[in-house]
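# Reading the structure
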There are 2 protein chains.
Amino acid sequence: MAARRSLIVVSNRGPVTYDRDAAGNRVKRRGGGGLVTALRGLLEHHDVTWIASATTDEDRRVAEEGLGDRDVVLVAHDPAAYDGYYNVIANPLLWFIQHSLWGLATKPDLDRRTHTAWTEGYAAVTRSFAEAVVSQLDNNPDALVFFHDYHLYLAPRMVRDARPEAALAHFVHIPWPPDWSILPPAMRQAIYDGLLANDVVAFHTERWARNFRNGCSDVGTTHVTHHPISIDVAEFDELRESDAVKEREAQLIASRPEKLILRVDRTDPSKNIVRGFRAFRLLLEEHPEWHGRVSMLALLDPSRQAIPEYVEYLATIEQEVAAVNSQLGSDDWLPVDLRVADDFARSVAAYKQFDVLLVNAVYDGMNLVAKEAPLVNDRGGVLVLSENAGAHEELGAWAVTVNPFDVAGQADALHAALTMDEPERRRRAAAIQAHVREHDVVEWIETLLGDFDRASRNVHP
Amino acid sequence: MAARRSLIVVSNRGPVTYDRDAAGNRVKRRGGGGLVTALRGLLEHHDVTWIASATTDEDRRVAEEGLGDRDVVLVAHDPAAYDGYYNVIANPLLWFIQHSLWGLATKPDLDRRTHTAWTEGYAAVTRSFAEAVVSQLDNNPDALVFFHDYHLYLAPRMVRDARPEAALAHFVHIPWPPDWSILPPAMRQAIYDGLLANDVVAFHTERWARNFRNGCSDVGTTHVTHHPISIDVAEFDELRESDAVKEREAQLIASRPEKLILRVDRTDPSKNIVRGFRAFRLLLEEHPEWHGRVSMLALLDPSRQAIPEYVEYLATIEQEVAAVNSQLGSDDWLPVDLRVADDFARSVAAYKQFDVLLVNAVYDGMNLVAKEAPLVNDRGGVLVLSENAGAHEELGAWAVTVNPFDVAGQADALHAALTMDEPERRRRAAAIQAHVREHDVVEWIETLLGDFDRASRNVHP
């Protein structure tokens, strides 16, 4: 285990958030989201100060009072600026660009509101983060500053300008596309310039890192690297044996079909949920022998319903499921079992029960479901995995690979997975489990910090 | 002028097409489309055999009878195969991918029909072309085979396998995107493999050529180059003085506003017509001083109305124009004058009359309107040009550059163009004219053939 060290972690969402209970008392909750879950491991092993946005009214009060956890700095932003930053620029503009979700014929439309949101929202909120980082560096000048994700692209340059000797690293958790020409030159140049102010810029995969390097006219002294994030294996080993999961699993076993195809996702267009249903429908049309024997369980966590594209996408999901079930279902067989809710215990129970796991993302920085579910599963379940998910660089050799746009190919892949013989299934599942156990989130953090140390020694010997 | 040489030109559309007149007699017409127009210059300077698809019933009869022009070989395809080749694969799949027109969240859907169209349409039709080329090479083994565009990506490999010593070149007239992961691996590998069977692969711009090279794991001995296509300057010098154009121009002069913004395009989503109207509307909203003084004339040639996306796009265009005119127009001022028709004389007349030419394509291999219109114009009209049009590599220094997605930026650019002082306008317009006169389509052909000779000598010394 590496030595404890001083880190300033910066991300939009933090490890804690505050609310009031019915009696009006302040209550503290764990922050949500995959990024926070993955980074929480840092807190155990290092001395971390975590800078994040105040996202609730109570967070704002805590921020104003200067109270709350000693190690968490909540930054309260102007509400209009935060709206521009979060609901106009970061989501959906940057997210959609980085997952190639725009049909460029008519969208996006960068109108005056976008330009205002860029300068008075995204840049302004990022500046608040940068100022909070500089304050922390005044207390702790040797700390490593560790920025996260697409909310903060402009912050490293701002900190670098104020503190030229600071040690800065940035992890981008989502795909880096080969072409940023959707953004006007001034915006895309600011993004590259912001990131290149870091000592290290890191991605999950070699592919995203290569796209980033190809997009730079000059990477200067910045070290561009990739380290695939992973999961907390010990946590899932505990979870799978917990009462909540076992209760859910008993319900599932009572109703499960002979063969269970599972998908677990947020209702995000990048997750490619609609094409997954179309592929399953095609499988059933072409292979009537599966009727009544196989079902698809879709556990979907509703996501970003403040953004119209996400509202529409959820409606399309529901229409597609209704169409499949009404066309092919019968009194005693429901082809698709759709559950739109946030229920993690049920997801883990389903991880134990699947025969085929479908992860067909359009693009995905990593995709942790592809690691979590095979780790927990003990049926020799088969992973059907998109070639555009970051996890494919690690797990592709033991998965059935699919192109996310190829619906016919996905139907073939589901059939191949359902009919794979048991020794082959067991061999692949065991290989995935061994890989995930060996390369867990603790390893991710240590290799990333090691990389940073080497880069930093080169710059500030 | 270079020596006459023997060329086999291969493109989907050819230089002539046949029909019957009212009396039932066979009539021959010039083939349409920008590619054919550009390549027609070849016929004057070299000994050309041109292989193209039979596209009319009469073409098919000519092909069966083995009659028609001695130098034109019309290949008659199976109608179902041609439908898959043309209406499923080439347009829209390849066209949409290469112009980044898909919103990947839900489209495209590569279903069984796509897979069938790939093997039984695209590959089959391409094979017919390859067989026609091989027959010609049997008569004329030293001829240079010159393939054109996205209809024929698989043909060079088929010819190379049959005739290893053949001299093969391929010109891609549309953009080459940095990411082909929308196509399943087998399809995208076949496309690269097909193109890399050529001695030379050429594009309009350094940008498309670089994207192609980055997408190759191995370019082997193929020479990848770029040569911007151009126009027949002498033809436009004649056209501008023709009676048809002068008649149209007189009509235009009688009704033109103080300042005329012009766009001339096919109704193709890649041309970005809808965002152009939104930008013009924003200009009028933010600058009421232009009300009544400036109009946008949109001369649009209806395109590919067999493809649903094109039908929808034309409807959106008409809605957008109706919205602008009803919101801002008055009894004596129509902000947008929309003409949906194929009327080349009117386009050339408008080329003479514009004050601002808007070319804001999402992506465009080259865009010849950006060369034709400034060549003909004598009012010192200003070119507003997309950074994603191939023409921008040549003409960007003298244009007002726009990002095609940045509607607010386009409104600013139109205002800047309308208010640019006359000496500056004249200086830029003269520079564009001089460039186009110097680099015309004859030069394009000669430099391309020169490049081919050098590459060919390296391979077959």
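Overview of the structure. If you're wondering where the values come from, they're calculated on a predicted model, not measured in any experiment.

Below, the discussion takes up unusual backbone geometry. Backbone geometry follows two general trends: most residues other than glycine have a negative phi, and most peptide bonds adopt the trans configuration. Residues and elements named next belong to chain A. With phi around 85°, Asn 367 is a residue other than glycine that occupies positive phi space. Here Asn 367 lies in the loop between β13 (356-359) and α13 (369-376). By relative accessible area, Asn 367 is classed as buried at 5%.

Before going further, it helps to spend a moment on the sheet that holds strand β6 (residues 144-148) of chain B. All names here are of chain B. Strand order in the open sheet made by the seven strands is β5-β4-β1-β6-β7-β8-β9, with parallel pairing throughout. This sheet does not close on itself; its edge strands, each paired only once, are β5 (72-75) and β9 (223-226). With direction set aside, neighbouring strand axes in the sheet form an average angle of 20°. Most of the contacts of helix α4 (residues 112-139) go to strand β4 (residues 47-53), to which it runs at about 155°, and overall it touches β1 (6-10), β4, β5 and β6.

Residues and elements named next belong to chain B. Note on placement: Asp 355 falls in the loop between α12 (344-353) and β13 (356-359). Within the structure, the side chain of Asp 355 is placed 2.7 Å from the backbone nitrogen of Leu 260, a separation counted as a polar contact. Here Asp 355 is in contact with Arg 256, Glu 258, Lys 259, Leu 260, Arg 379, Gly 381 and Val 382, once residues within four sequence places are set aside.

Residue and element names in this part refer to chain A. Summed over the entire model, instances satisfying the criterion amount to 64 salt bridges over all chains. In this structure, the salt-bridge partner of Glu 241 is Arg 240, at a minimum N-O distance of 2.6 Å. On the accessibility criterion, Glu 241 (41% relative accessible area) is partly exposed. On the basis of relative accessibility, which here comes to 15%, the residue Arg 240 falls in the buried class. Shared partners join several salt bridges into a network, and the residues in it are Arg 20, Arg 26, Glu 58, Arg 61 and Glu 65.

Hydrogen bonding along the main chain pairs the strands of a sheet, whether they run parallel or antiparallel. Residues and elements named next belong to chain A. The sheet built from six strands is open, its strands ordered β12-β11-β10-β13-β14-β15 with parallel pairing. Every interior strand has two partners, whereas the edge strands, β12 (336-340) and β15 (400-402), have only one. For this sheet the average axis-to-axis angle between neighbouring strands, irrespective of direction, equals 20°. Bridge count for strand β11 (residues 294-301) against β12 is five bridges, and the pairing is parallel. The partner of Leu 297 across the bridge, within β12, is Asp 337.

Residue and element names in this part refer to chain B. As defined by bridge partners, strand β2 (residues 16-20) adjoins strand β3 (residues 26-30) across five bridges and the pair is classed as antiparallel. By the bridge assignment for β3, Thr 17 is matched with Arg 29. The hairpin formed by β2 and β3 contains five residues between the paired strands, and Gly 24 there has a positive phi angle of roughly 90°.

Turning our eyes to something else, we now look at the pairing of β1 of chain B. All names here are of chain B. Of all five residues making up β1, four are buried, and the element is well covered by its neighbours. Here β1 pairs with β4 via five bridges, running parallel. Directly across from Ser 6, in β4, lies its bridge partner Asp 47.

Let's shift gears to helix α7 (residues 206-215) of chain B. Along α7 of chain B, the residues classified as buried are Arg 207, Trp 208, Ala 209, Asn 211 and Phe 212 of chain B. The inward-facing, buried residues of α7 of chain B abut α6 (185-195), β8 (200-203), β9 and α14 (392-395) of chain B.

Here is what the cut-offs are and how they apply
Residues numbered from 1 in each chain as written. Chains lettered and ligands numbered in written order. Predicted model: local features only at pLDDT ≥ 70, side-chain atom pairs only at ≥ 80, totals over all residues. Heavy atoms only, no water. Helix = DSSP H or I, 4+ residues; strand = E, 2+ residues; numbered from the N terminus. Buried < 20%, exposed > 50% of the residue type's maximum accessible area, 1.4 Å probe, protein only. Pairing = 2+ DSSP bridges. Axes fitted to C-alpha atoms, helices over the stretch in contact; angles between N-to-C directions. Contact = heavy atoms within 4.5 Å. Polar contact = N/O pair within 3.5 Å; in protein donor to acceptor, adjacent residues only side chain to side chain. Salt bridge = Lys/Arg side-chain N within 4 Å of Asp/Glu carboxyl O.

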